[in-house]
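Residue-level structure breakdown
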Protein chains: 2
Amino acid sequence: MIRTMAVVGTGLIGTSVGLAVSRHGVTVHLMDEDETAARTAAALGAGVLAAPAGPVDLAVLAVPPGRLGPVLAEQQLRGLARAYTDVASVKAAPERHALAGLADASSYVGGHPLAGREKSGPLAARADLFEDRSWVLTPSEATSQETLNRALETIALCGAVPVLMGSQAHDSAVALTSHVPHVVASLMAARLQHAPREAARLAGQGLRDVTRIAAGDARLWGDILQSNAAAVAGVLRELQTDLSDLLAALNELSAAPAGEPSPGLARLVDLLDRGIAGMGTIQGRGGAQAAGPVRLRVALGDRPGELARMLASVADFGIGADDVSPRSGGASGLEVELGVAPLSAEDVLRRLVRDGFEAARADRRVLTGAMP
Amino acid sequence: MIRTMAVVGTGLIGTSVGLAVSRHGVTVHLMDEDETAARTAAALGAGVLAAPAGPVDLAVLAVPPGRLGPVLAEQQLRGLARAYTDVASVKAAPERHALAGLADASSYVGGHPLAGREKSGPLAARADLFEDRSWVLTPSEATSQETLNRALETIALCGAVPVLMGSQAHDSAVALTSHVPHVVASLMAARLQHAPREAARLAGQGLRDVTRIAAGDARLWGDILQSNAAAVAGVLRELQTDLSDLLAALNELSAAPAGEPSPGLARLVDLLDRGIAGMGTIQGRGGAQAAGPVRLRVALGDRPGELARMLASVADFGIGADDVSPRSGGASGLEVELGVAPLSAEDVLRRLVRDGFEAARADRRVLTGAMP
């Protein structure tokens, strides 16, 4: 059981860890070279400013990635804690340094909570920042089981989901899922710098979403990209190839006579299709799927507003327009299929019939209902 | 006053227009080559399936951009409406076709509502889809004032904000704010297509935001990009230059000895900084700024949790952590500055004093409060 903890570096992540574990009765000692930051974290309730009397159970080093090596070596020398972890978003280089430079590499395990905000600093901290987020640990061959367990307990106190990975695999993965997306957002946002005023009026949610993470601290992200430069460059080179192909296709299309079919269009649609396929890999939580929905068939005829009335009828069951597929029923007008969770299918059917609709399970022949 | 309208093409946009103007008592005639789509729109309450008896006041052509020219010419020949507008996201080419091919170019004004969803089809439609969104109109020299006014009235009925622009300026603007962002999202999403399973577990909100719009219909977006190919390619070429520079910097950084300063880092941070600057152009609604906040100074000392208590005290006024800047008060512990709307500054000050804090306007010398 962890009873005492040190948080070194009271920015967004360190302060959020302090807030989260303090709620569970852990005594957290807050340390930061920037006195104002430490005082702010303490004033938020993330812990105390007093130095610990002896070694704490675990120290969380939440310092910029470039400072991690020296801080880790120094604090281990001082005997700050019995075990150490960090929160840097790159893991292979810190692990190398730890294995090479530490008196005792068994007390260190690399860590990376997959949580963040576009804001930084202790004032952006939240006790629930890590809830249900992945938190990677990258134990080395030297990491002791005791060290790993203390880190796992901290993750549990923060409400996060631990993921064990090798440090190299971690760095390739975050290049793809975090570092390159940040670069892409910045590349897009940089194009807006000299945009005409009227263009800005046309900016919509799509543009805001694509660029949102570009607002992150440039100095900190420079550090992050530098420490994972090779993996980031690898992904960006592949993206560059796609971009060159796309530009060639666009040039061809803008040179082609208007309205004529052009092979450039197919190449363009191909890239868009590959993007849609790529999104499939990050949707949902993966793993086994629940049983598919039961399909109900409802006859609506052609009375205006019937579909809206049906959606209102089944709204209680959490059924929305997304669950509806329309199909024409010939002379009898519109018919729709409704995807419904298996357990509530019978209730939904009863509700539809009560409200005057003809409805049936799609796998049965006869529509029931519309009974007076 | 518009009393009758035709919507040609009952997808997301057309059906949403029908839903929005029907609420105001306009009779909407729904037309679509796809009978199921038209029936679905009618069943949602977007209008009726019956053909109009005579010319309607306005026809909204919500067909794919590639179909616009022929549909416009055909419907004008049939005398469907007294005025026509469209919703295509590219405006210069349709305008050229209209001016060249129409019997009467005065009855057409190009339109582009800046609203959309990643979903398409009538079932994704919403009556409030356009509320408070920009809706561009691109009147040509031939457009009559009567035509322009009918389009403006439709925009008002949909709750949107009209923006008048030239068709060329519009196309350059949307290349920057909509089409290139879509391409960038697709380029990023395409990288995920063959991502290892474990990488997907590290996908966070940032990646989801950057790629969200890549889910849009590939065929439709292919059409859009084709019809604005030159402007899109222009922006992408500039982005390509930044990307090449960035790759050179990353290659240099990954070759440099670890821990040594490198000019590559400065180039990297420069791009990130330019991204942050670019985001400034699309934040807020632009135009004149309201009077700046009044700054209050609050002394918190070093009691743990004091800042959290203060935030709770002023939460009623809509003041959050974002409005707080901490500063160390030397031996007296933490002091913070609070940005407060001028009109509520006195009330906030009274609340702080009531709750036992020492507080004052930052432009005055003496902290008041903490009176028993």
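So, here's what we can say about the structure. (Residues numbered from 1 in each chain as written. Chains lettered and ligands numbered in written order. Predicted model: local features only at pLDDT ≥ 70, side-chain atom pairs only at ≥ 80, totals over all residues. Heavy atoms only, no water.)

**Looking at the interface of chain A and chain B**
The partner chain B presents 121 residues to the 120 residues of chain A that form the contact. Approximately 10,300 Å² of surface area, both sides summed, lies buried where chain A meets chain B, with 68% of it carried by carbon and sulfur atoms. Across the chain A-chain B interface, the total number found is eight salt bridges. For R191(B), the salt bridge identified is with D242(A), shortest N-O distance 2.9 Å. Joining chain A to chain B, the criterion identifies 28 residue pairs in polar contact (both at pLDDT 80 or more). (Contact = heavy atoms within 4.5 Å. Buried area = accessible area lost by both parts, 1.4 Å probe. Salt bridge = Lys/Arg side-chain N within 4 Å of Asp/Glu carboxyl O. Polar contact = N/O pair within 3.5 Å; in protein donor to acceptor, adjacent residues only side chain to side chain.)

**Considering the environment of A20(B)**
Residue and element names in this part refer to chain B. In this fold, A20 is placed in helix α1 (residues 12-22). Residue class for A20 comes out buried when judged on its relative accessible area of 0%. Put simply, A20 and L129 are 109 residues apart on the chain and 8.3 Å apart in space, counted from C-alpha to C-alpha. A20 has contacts with A127, L157 and C158, leaving out every residue within four places of it along the chain. (Helix = DSSP H or I, 4+ residues; strand = E, 2+ residues; numbered from the N terminus. Buried < 20%, exposed > 50% of the residue type's maximum accessible area, 1.4 Å probe, protein only.)

**Quick look at the sheet that holds strand β1 (residues 4-8) of chain A**
Residue and element names in this part refer to chain A. An order of β2-β1-β3-β4-β5-β6-β7 is seen for the seven strands of this open sheet, with the pairing classed as mixed. In this open sheet, the two edge strands, each paired with only one partner strand, are β2 (27-31) and β7 (161-164). Taking each pair of neighbouring strands and ignoring which way they run, the sheet shows an average axis angle of 25°. Pairing between strand β3 (residues 58-61) and strand β4 (residues 84-86): three bridges, direction parallel. Looking at β4, one finds that L61 is bridged to D86. The strands touched by helix α3 (residues 68-78) within the sheet are β1, β2, β3, β4 and β5 (108-113), with β4 carrying the most contacts at an inclination of about 165°. (Pairing = 2+ DSSP bridges. Axes fitted to C-alpha atoms, helices over the stretch in contact; angles between N-to-C directions.)

**Some thoughts on the packing of helix α12 (residues 306-314) of chain A against helix α13 (residues 345-354) of chain A**
Helix packing for two helices is described by the angle between their axes and how far apart those axes are. Residues and elements named next belong to chain A. One can describe the packing of α12 onto α13 by two numbers: an axis separation of 9 Å at closest approach and a directional angle of 130°. Judged by the angle between their axes, α12 and α13 are oblique. Note that α12 runs across α13; the crossing there is right-handed. Of the residues in α13, those in contact with M310, S313 and V314 of α12 are V348, R351 and L352. Split by residue class, the contact of α12 with α13 holds four nonpolar, one polar and one charged. (Parallel < 35°, antiparallel > 145°, perpendicular 65-115°, else oblique. Left-handed = near helix turned anticlockwise from the far one by under 90°. Nonpolar A, V, L, I, M, F, W, Y, C, P; charged D, E, K, R; others polar.)

**A short note on the sheet that holds strand β5 (residues 108-113) of chain B**
Within a sheet, neighbouring strands are paired by backbone hydrogen bonds and run either parallel or antiparallel to one another. Residue and element names in this part refer to chain B. Taking strand neighbours across the sheet as the criterion, the seven strands line up as β2-β1-β3-β4-β5-β6-β7 in an open arrangement whose pairing is mixed. Strands at the two margins of the open sheet, each flanked by one partner only, are β2 (27-31) and β7 (161-164). Here the average twist between neighbouring strands, direction ignored, is 25°. Strand direction decides the pairing type here: strand β6 (residues 134-138) and β7, joined by four bridges, are parallel. Residue pairing for β7: W135 is matched across the bridge by P162.

None of this, on its own, says anything about what the molecule does.
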